[in-house]
Amino acid sequence: KKCIFVVEMMNIPYYKIGFLVVFVLATFVSQAQNSLVRFDSDKWNFGQIAEDGGSVEHTFSFTNASPKPVVILDVTTSCGCTTPSYSRKPIVAGGKGEIVVSIDPMNRAGHFSKTVSVVTSFSQEPINLKVEGTITPRVKSLEEQYPFDIGGGVRLSANFHAFAYVGRGDSISETIGYVNTSQSAVRLKFIPRESSGLFEINYSETIPAGAKGEIKLTYAIPAASDKYGTLNDVFAIEVNGKLSRTSFSANAIAVDRFDSASDDISSPIAELSKKFIKFGDVKHGRKAEDATVKLIDNGSQPLIIRAVEWQGEALQCSLKAGDSIAAGKELTIRLSLDTSKCDYGVWVDRLKIITNDPTRPMQTLRVTAIVVD
């Protein structure tokens, strides 16, 4: 009676009670298995680390509290700067083992907090360890701060910037830095080579000797714009009237403008049934047409396709802008590959699907094949 009362108070339908019980039991079993590998501590703070001081490391020690040997099957980290080392030799009952985690601080100034996930032979659920600290920045040379030499003594801090998502009616700005290392003023000019019509670049056309400054980059999408998907903008650069070997480019993904206050309550949720399509070996000149993937709307509102993009002419896709999927339904996407438009060897493309899903507006599907004779 007490169990029934609790379920009724939680407003959980009776047909879901079985699932809830299985979930709770599975969680309990997993936690119980993981508790058999007891770490002395699951957190470590390195404190202050000098960026140019070399790698630092910490040893996480553990005890096998079970009556059976245990093996560390895998250790993964949330960042390439964090490297684990460990032994796959079995640790006997009551024995001790260790996992050494090292941090490479170079070019990673600032605070860090990284997770180290440990999978043992007792359970597939990982044991999560955590390392954190603050990396004190080193003094960088002018060449490191402004690595792109565009000629005439002028250097840029970057020659590319990606803006991620930009919604209708939104304007997003960023900056890149410049420095004139020469002994005289320099004339600067950015010349459009590829334009989305939605990008602005604002800069000083004359840079005094020794001057530093910023170039302002802005994507602004009108509320009534019909553009969705990837926006690309490419500029050639002239320094003192001479064309530089370095160009500048920027891109963004144009999406709907989402109202966070309402979207949390009711929205579509896009999900692909798989993230990879592999055509395998396909003879050159042949057409492969047997690849499919399902696009599912797991939300409570219709999912609307805003744009569908891929790079080459070899790939064809049945999905198109304007297609929609009712809430709780799915749509089968058919892909075909014409290898007469491919080179021999490994072929790769990426299908990008832009939707009105406010949480994840773009889904990406990787498509591969090996074109053979």
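Residues numbered from 1 in each chain as written. Predicted model: local features only at pLDDT ≥ 70, side-chain atom pairs only at ≥ 80, totals over all residues. Heavy atoms only, no water.

Student: Quick rundown of the side chain of asparagine 180? Include the residues and the values.
Tutor: Looking at the element boundaries, asparagine 180 is found in strand 12 (residues 171–180). What makes asparagine 180 buried here is its relative accessible area of 1%. Of note is the side chain of asparagine 180, whose polar atom sits 3.1 Å from the backbone oxygen of isoleucine 207. Looking at asparagine 180, its side chain comes within polar contact range of the main-chain oxygen of proline 208, at 3.0 Å. The residues touching asparagine 180, leaving out its near neighbours within four places in the chain, are Gly152, Gly153, Val154, Ala185, Val186, Ile207, Pro208, Ala209, Gly210 and Ala211. (Helix = DSSP H or I, 4+ residues; strand = E, 2+ residues; numbered from the N terminus. Buried < 20%, exposed > 50% of the residue type's maximum accessible area, 1.4 Å probe, protein only. Polar contact = N/O pair within 3.5 Å; in protein donor to acceptor, adjacent residues only side chain to side chain. Contact = heavy atoms within 4.5 Å.)

Student: Run through the confidence of the model for the chain, naming residues and quoting values.
Tutor: Here the chain shows a mean pLDDT of 89. Residues at 70 or above account for 89%. Counted against residues more than four places away or in other chains, residues 1–10, with its pLDDT under 50, gives four contacts. The low-confidence segment residues 12–32 (pLDDT under 50) makes seven contacts with residues lying over four places distant or belonging to another chain. (pLDDT = per-residue confidence, 0-100.)

Student: Describe in detail the environment of glycine 133, supporting the description with residues and values.
Tutor: Mapped onto the elements, glycine 133 comes out in strand 8 (residues 123–136). Here the alpha-carbon distance between glycine 133 and glutamine 48, two residues 85 residues apart in the chain, equals 6.2 Å. With residues near it in sequence (within four places) discarded, glycine 133 still touches Asn45, Phe46, Gly47, Gly110, His111 and Phe112.

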